[in-house]
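Tertiary structure, described
Okay, here's what each chain looks like letter by letter:
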Amino acid sequence: MALAPDIEGFSRLITALDPWLDRVVIVGGWAHRLYHLHPAAQKLDFAPLMTLDADVALPQTLPPQTPTIREALVAHGFQEEFRGDGTPPATLYHLADSDSGFYAEFLTPLTGGEYTRSGRRKATAQIAGVNSQQLRFIELLLNDPWTVELSTDDFGLAAPKAVRVANPIGFLAQKLLIHRKRSADDQAKDILYIHDTLQVFGARFDDLRIEWTVRVRPSLHRKAVKEIETASDWLFGEMTDVIREAAGIAADRRLRPEGVRESCRYGLQQISLTD
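Residues numbered from 1 in each chain as written. Predicted model: local features only at pLDDT ≥ 70, side-chain atom pairs only at ≥ 80, totals over all residues. Heavy atoms only, no water.

Quick word on helix α1 (residues 5-16)
Where we set the bar: Segments assigned H or I by DSSP are reported as helices when at least four residues long, segments assigned E as strands when at least two residues long, and all are numbered from the N terminus. Residue count minus one, scaled by 1.5 Å, sets the expected span of a helix. The classification of residues rests on relative accessible area computed with a 1.4 Å probe and restricted to protein chains. Under 20% of the type maximum is buried, over 50% is exposed, and intermediate values are partly exposed.
When the terminal C-alpha atoms of α1 are compared, their 17 Å separation across 12 residues agrees well with the 16 Å that a helix rising 1.5 Å per residue should span. For α1, the complete set of buried residues consists of Asp-6, Ile-7, Gly-9, Phe-10, Ser-11, Leu-13, Ile-14 and Ala-16.

Quick word on the pattern of salt bridges
Heads up, the rule is: Salt bridge, as used here: a side-chain nitrogen of Lys or Arg that lies within 4 Å of a carboxyl oxygen of Asp or Glu.
Under the criterion given, the structure shown has 18 salt bridges. When the shortest N-O distance is used, the salt bridge between Asp-196 and Arg-253 registers 2.8 Å. With Asp-196 in helix α7 (residues 184-200) and Arg-253 in the loop between α11 (241-249) and α12 (257-270), this residue pair connects regions lying 57 residues apart in the sequence. Two residues, Arg-261 and Glu-258, come together in a salt bridge whose shortest N-O distance is 2.6 Å. Taken together, the residues span about one helical turn, with Arg-261 and Glu-258 both in helix α12 at a distance of 3 residues. Connected through salt bridges with shared partners, the residues Lys-175, Arg-182, Asp-186 and Asp-190 form a single ionic network.

Regarding the nonpolar core
This is how it is decided: Take the buried residues of types Ala, Val, Leu, Ile, Met, Phe, Trp, Tyr and Cys, join any two whose side-chain atoms come within 4.5 Å, and each joined set is a nonpolar core. Every residue pair with non-hydrogen atoms within 4.5 Å of one another is taken to be in contact.
Formed by 83 residues in total, the largest nonpolar core has its most connected members in Phe-10, Leu-13 and Leu-34. By residue number, the principal contributor to this core is α7, which donates 7 residues. Leaving out residues up to four positions away in the same chain, Leu-34 has contacts with Phe-10, Ile-26, Val-148, Leu-150, Phe-155, Val-163 and Val-165.

A short note on the side chain of Gln-134
Applied cut-off: Side-chain atoms alone can form a polar contact between residues adjacent in sequence; in general such a contact is a pair of N or O atoms within 3.5 Å, and within protein one must be able to donate a hydrogen while the other accepts it.
Following the sequence through the fold, Gln-134 ends up in strand β7 (residues 130-135). For Gln-134, a relative accessible area of 14% corresponds to the buried category. A polar contact of 3.0 Å, which involves the side chain of Gln-134, links it to the backbone oxygen of Thr-124.

Concerning unusual backbone geometry
Between Thr-66 and Pro-67 the backbone carries a cis peptide bond, its omega angle lying at 0°. Following the sequence through the fold, Pro-67 ends up in the loop between β2 (53-57) and α3 (69-75). A positive phi angle is found at Phe-137, which is not glycine, with a value near 70°. In this structure, Arg-254 is a non-glycine residue whose phi angle is positive, near 55°. Residue placement: Arg-254 occurs in the loop between α11 and α12. Arg-254 gets classed as exposed once you look at its relative accessible area, which sits at 78%.

What follows is the structure in structure tokens.
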């Protein structure tokens with residue numbers, strides 16, 4: 001059975017990253033898609049949001065290894081597309097022999113100030129040969145990841161693969177912490193991701209509460225904790241155009257904006273991410 005183009009692209013990425021699967025973490029939209037495969041997920045009557053890009057979080061350092069991640073990507077048909085004027089430049093990794101539009105990006109935590117002593121912005125870093133964007137709060141996605149298994153049938157793999165995905169509480173916390181700095185379109189998409197993640201794990205709020213209390217909250221600065229724990233007021237306290245837009249993204253599901261707002265508010269309160 002032929003795979004959908006996005007599934008095929010992701011499978012080729014996972015095959016290329018096989019030697020590093022115990023150290024890298026799938027984040028962003030593909031992490032959300034893979035949540036549906038986790039044993040803790042409940043069965044839902046809607047498909048996860050689709051995305052053409054796969055975000056991969058890397059730790060700030062990896063042991064030297066041959067081939068490098070970049071060399072492995074190239075060997076599996078990926079080519080680089082450089083963007084911006086950073087040093088090194090931000091880079092997308094496209095499949096050279098596919099018109100699916102699938103591509104991968106690499107992300108790594110930004111620590112300390114945003115600028116070097118020479119005044120250069122710390123936008124990117126080269127890790128294992130790939131140019132990785134340095135962003136705030138990526139450590140929330142790297143810490144205490146969960147694991148899902150990709151089957152041979154569904155992903156066209158030679159053997160099942162265990163893939164690490166962002167801890168869903170880290171995923172939610174990171175979405176809340178970056179929300180104010182995102183564009184309106186990205187804010188709407190992130191609200192829908194928050195809504196749907198809470199739906200996926202709606203039967204396991206007790207487990208998620210432990211993840212927040214024991215693993216995620218202690219790692220955060222008190223200012224970040226306050227930002228997250230007041231999100232029910234500043235983000236979901238009243239109806240906004242961004243929440244309306246979030247409901248509109250999933251028009252085929254006929255989500256009500258007020259339903260999205262109430263579900264997010266309730267879910268975050270249940271797992272103690274908000275007061």
